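Chains, contacts and geometry: an overview
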Amino acid sequence: MSATDSSPGVHPTKKDSADITKGETVVDLAVASTAEASATSHASKSTPTLFSLKGQGVLITGGARGLGLCIAIALLEADASAVYCLDILPSPNAAEWAKAEEVAKAKGSKIVYRQLNITDAEAVQQVIGTTYEENDKEGKKVSISRFFGAAGIQLMCPAVDFKQADFRRVMDINVTGMFLTIQAAAKEMIKRKISGSIAMTASMSGTVANKGLACIAYNSSKAALLQMARCAAAEWGPHGIRINTLSPGYIRTAMTDALLAERPDFEEEWTRGSMLGRLSTPDEFRGPVLFLLSDASSFMTGADLMVDGGHTAW
């Protein structure tokens, strides 16, 4: 290997260091040493431990029902010590929330619901800031170090007929609302020197145009999240905060069920487009989200995890 070889995983010895500056690449031995120490800390963990959220707190937007609340329950099962569900609805789905409380009690954890309009910047700062402050006062060894953004809306309308107010509403909730919440969480993490992981729900629709589905605002908003994650990852990486996106395919949720009620022909189209010949269900995203939020994905940031049943692979 030459002195300018920058192959991953190759670190110079003291004997090599004097020659490094002669080449085009300069290797910072202190940084290399820090990276090795970090890698060693993860290497010492057993594989199941990498997926554990023990001692960690999680913020979830869109946590009143559907995907968000399904993930909340999954994270409690993965030993998350505290889960805070945020949503614009006055209260969460009663049946799903009862199950979440049951799991939390069995695990000795807690789950809390707080109403929040994610497009209200002042409210976002207040609710998320207060959540961190209350956690600090409890004196428990729980670090709110994870964030999962599942809040979003869909409006179907031909592009030529899309009203400005409707387009802005989709972008305001799906893009601005997502930014405001991850920004507030990152501020609190950075203030407390907490290393963490943020996962935002994008969509395969941020990468492809859905055949037969007129949803230009929704697709544009999800594409924006892919770039948002890359930019935030670049800025917050030095603070130990990772940020990635999850891009699901079609999921059977209250939102998609309402859409299929209007257009039952879509189900056949969507099913035919899947390599697995079916739509997904919220529970099938438990593993992918846990991976993104846990130490199992410790070297992953600024990336998108596509989980679409092969829809985009045709």
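Note that the structure is predicted; figures quoted are calculated from it, not measured.

It is worth spelling out the layout of surface pockets at this point. Within this model, the largest pocket holds a volume of roughly 1,100 Å³. If you trace the largest pocket, you find 45 residues lining it, with A150, G152, I153, Q154 and M255 closest to the centre. Every element with two or more residues in the lining of the largest pocket is listed here: α4 (66-77), β2 (82-87), α7 (164-191), α8 (216-236) and α9 (254-262). Among the elements that line the lining of the largest pocket, the one with the most residues is α9, at 6 residues.

As a further point, take the side chain of N135. Tracing the backbone through its elements, the reader meets N135 in helix α6 (residues 121-138). Within the structure, N135 has its side chain in polar contact with the backbone oxygen of V142 (distance 2.8 Å). Each residue touching N135, except ones within four places of it in the same chain, is listed here: Y84, V142 and I144.

In a regular helix each residue adds 1.5 Å, so 28 residues correspond to 40 Å; α7 covers 38 Å between its end C-alpha atoms and thus fits that length. Along α7, the sharpest kink reaches roughly 40°, centred on D172. One or two residues past the end of α7 sits K193, with phi positive at roughly 55°.

Moving on to the sheet that holds strand β7 (residues 304-307). Across the sheet, 7 strands lie side by side as β3-β2-β1-β4-β5-β6-β7; this open sheet has parallel pairing. Both outer strands of the open sheet, β3 (110-115) and β7, are each paired with one neighbouring strand and no more. Looking at each pair of strands side by side, their axes are set apart by 20° on average, direction ignored. The pairing of strand β4 (residues 143-149) with strand β5 (residues 196-201) spans 4 bridges and is parallel. Residue pairing for β5: R146 is matched across the bridge by S197. In this fold helix α5 (residues 94-107) packs onto β2 and β3, with an angle of close to 145° to the strand it touches most, β3. Its contacts with the sheet place α7 against β1 (56-61), β4, β5 and β6 (241-248), and it is angled at close to 165° to β4.

Turning to the nonpolar core, a few remarks are in order. Counting residues in each nonpolar core, the largest one holds 41 residues, and the members touching the most others are L59, Y132, I182, I198, M200, W236 and I243. Going through the elements one at a time, β2, α6, β4, α7, β5, α8 and β6 are the ones with two or more residues in this core. The element best represented in this core is α7, accounting for 10 residues. Residue contacts for I198: discarding those within four places in its chain leaves F147, I182, M189, W236, I241, R242, I243, N244 and L293. One finds V58, A72, I111 and L292 within the second-largest nonpolar core, a separate group that totals 31 residues.

Before going further, it helps to spend a moment on the side chain of T256. Along the chain, the position of T256 falls in helix α9. Note on T256: relative accessible area 12%, which makes it buried.

Positive phi is not limited to glycine here, since D79 has a value of about 75°. Along the polypeptide, D79 turns up in the loop between α4 and β2. Given a relative accessible area of 30%, D79 falls into the partly exposed group. The backbone of K193 shows a phi angle near 55°, a positive value even though the residue is not glycine.

Right, let's talk about the packing of aromatic side chains for a bit. Tallied over the entire structure, the rule returns 4 aromatic pairs. On the numbers, 5.8 Å between centres and 80° between planes, the contact of W97 with Y113 is edge-to-face. Remark: Y113 occurs in strand β3 and W97 occurs in helix α5; sequence separation between them is 16 residues. This pair shows no difference in class: W97 is buried, exactly as Y113 is. Taking the centre distance of 3.9 Å and the plane angle of 5° together, the rings of Y250 and W270 count as stacked. You can see Y250 sitting in the loop between β6 and α9 and its partner W270 sitting in helix α10 (residues 265-273), a full 20 residues away along the chain.

How each quantity is defined
- Residues numbered from 1 in each chain as written.
- Predicted model: local features only at pLDDT ≥ 70, side-chain atom pairs only at ≥ 80, totals over all residues.
- Heavy atoms only, no water.
- 1 Å grid on protein atoms, 1.4 Å probe; cavity = no way out; pocket = protein on both sides within 12 Å on 5 of 7 lines; lining within 4 Å.
- Points joined across faces, edges and corners; volume = space filled by probe spheres on them.
- Helix = DSSP H or I, 4+ residues; strand = E, 2+ residues; numbered from the N terminus.
- Polar contact = N/O pair within 3.5 Å; in protein donor to acceptor, adjacent residues only side chain to side chain.
- Contact = heavy atoms within 4.5 Å.
- Expected span 1.5 Å × (residues − 1).
- Bend = angle between axes of the 7 residues up to and from the residue.
- Pairing = 2+ DSSP bridges.
- Axes fitted to C-alpha atoms, helices over the stretch in contact; angles between N-to-C directions.
- Core = buried A, V, L, I, M, F, W, Y, C linked by side-chain atoms within 4.5 Å.
- Buried < 20%, exposed > 50% of the residue type's maximum accessible area, 1.4 Å probe, protein only.
- Phe/Tyr/Trp six-rings, centres within 6.5 Å; stacked < 30°, edge-to-face > 60°.

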